[in-house]
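# Structural overview for review
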Amino acid sequence: MSRRAQCAILKKNNRSGVSGVTRSAVVDRRSKTPSPAACWIARWPGEGGTVTQRQFAVKQFGEWGAFLKAVEARQHGLACLEDDPDAVDQATVEACADESRPSTTRT
C-alpha cells in the first residue's frame, strides 16, 4: 500500500471527517484546564519519516475558516508527497517547498 493510500484511510476514532485534520483546544499547563483558544491542525508525513503539521487558529479564521484552511493544507501536503523520490522533478519540489513556508507578510 502506498503512503498516499495509507494517508487517505479514515480511522474509526476520527471526529473531523477528514483524515489528518484534528481540532485541538490549548491546555494551560499550570491549571490543566482547556483555555478558550482552539485551533485546527493538519498533519501529513514529511521527508525521512518526519511529520509535518500546520495550525490554524479559530480566533483568527473562525471555526469553519480554520477547518477549511487545515483541510487545504493537508491536501497540499499530500499532493507534494511522492512515493518515488526519483520521479519528482526539481521544479515540483521547489514549488511545494515555497508554498509550505509561512509567509512573512500579514493580510
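The text that follows walks through the structure, step by step, so that each part is easy to find.

Regarding its fold elements, the protein presents four helices and three strands. Taken from N to C terminus, the helices and strands of the protein fall in the order α-β-β-β-α-α-α. Per-residue burial over the protein gives 21% buried out of 107 residues. In the protein, once contacts between residues fewer than 6 apart in sequence are set aside, the share between residues at least 24 apart is 37%. Carbon and sulfur atoms form 52% of the exposed surface of the protein, whose accessible area is close to 8,200 Å².

Mapped onto the secondary structure, Ser19 falls in the loop between helix H1 (3–7) and strand E1 (21–27). Overall, Ser19 belongs to the buried group, its relative accessible area being 17%. For Ser19, the contacting residues outside a window of four places in its chain are Cys7, Ala8, Ile9, Leu10, Asn14 and Arg74.

It is worth spelling out the nonpolar core at this point. Val21, Trp40 and Ala70 are the most contacted members of the largest nonpolar core, which totals 15 residues. Only strand E2 (34–45) and helix H3 (63–80) provide two or more residues apiece to this core. The dominant element in this core, judged by the number of residues it contributes, is H3, at six residues.

With that out of the way, let us pick up the pattern of salt bridges. For the structure shown, the criterion picks out one salt bridge. Across the pair Glu63 and Arg23 runs a salt bridge whose closest N-O atoms are separated by 2.7 Å. Pair noted here: Glu63 is in helix H3 and Arg23 is in strand E1, with a separation of 40 residues, a long-range link.

Given two aromatic rings, their pairing is described by the distance between the two centres and the angle made by the two planes. As enumerated under the stated definition, the model contains three aromatic pairs in all. Ring plane angle 70° and centroid distance 4.8 Å describe the contact between Trp40 and Phe67, whose orientation is recorded as edge-to-face. With Trp40 in strand E2 and Phe67 in helix H3, this residue pair connects regions lying 27 residues apart in the sequence. Comparing Trp40 with Phe67, the two get one shared label, buried. What links up through ring pairs into an aromatic cluster is the set Trp40, Trp64 and Phe67.

Conventions we followed
Residues numbered from 1 in each chain as written. Predicted model: local features only at pLDDT ≥ 70, side-chain atom pairs only at ≥ 80, totals over all residues. Heavy atoms only, no water. Helix = DSSP H or I, 4+ residues; strand = E, 2+ residues; numbered from the N terminus. Buried < 20%, exposed > 50% of the residue type's maximum accessible area, 1.4 Å probe, protein only. Contact = heavy atoms within 4.5 Å. Areas by Shrake-Rupley, 256 points an atom, 1.4 Å probe, with all protein chains shown as cover. Core = buried A, V, L, I, M, F, W, Y, C linked by side-chain atoms within 4.5 Å. Salt bridge = Lys/Arg side-chain N within 4 Å of Asp/Glu carboxyl O. Phe/Tyr/Trp six-rings, centres within 6.5 Å; stacked < 30°, edge-to-face > 60°.

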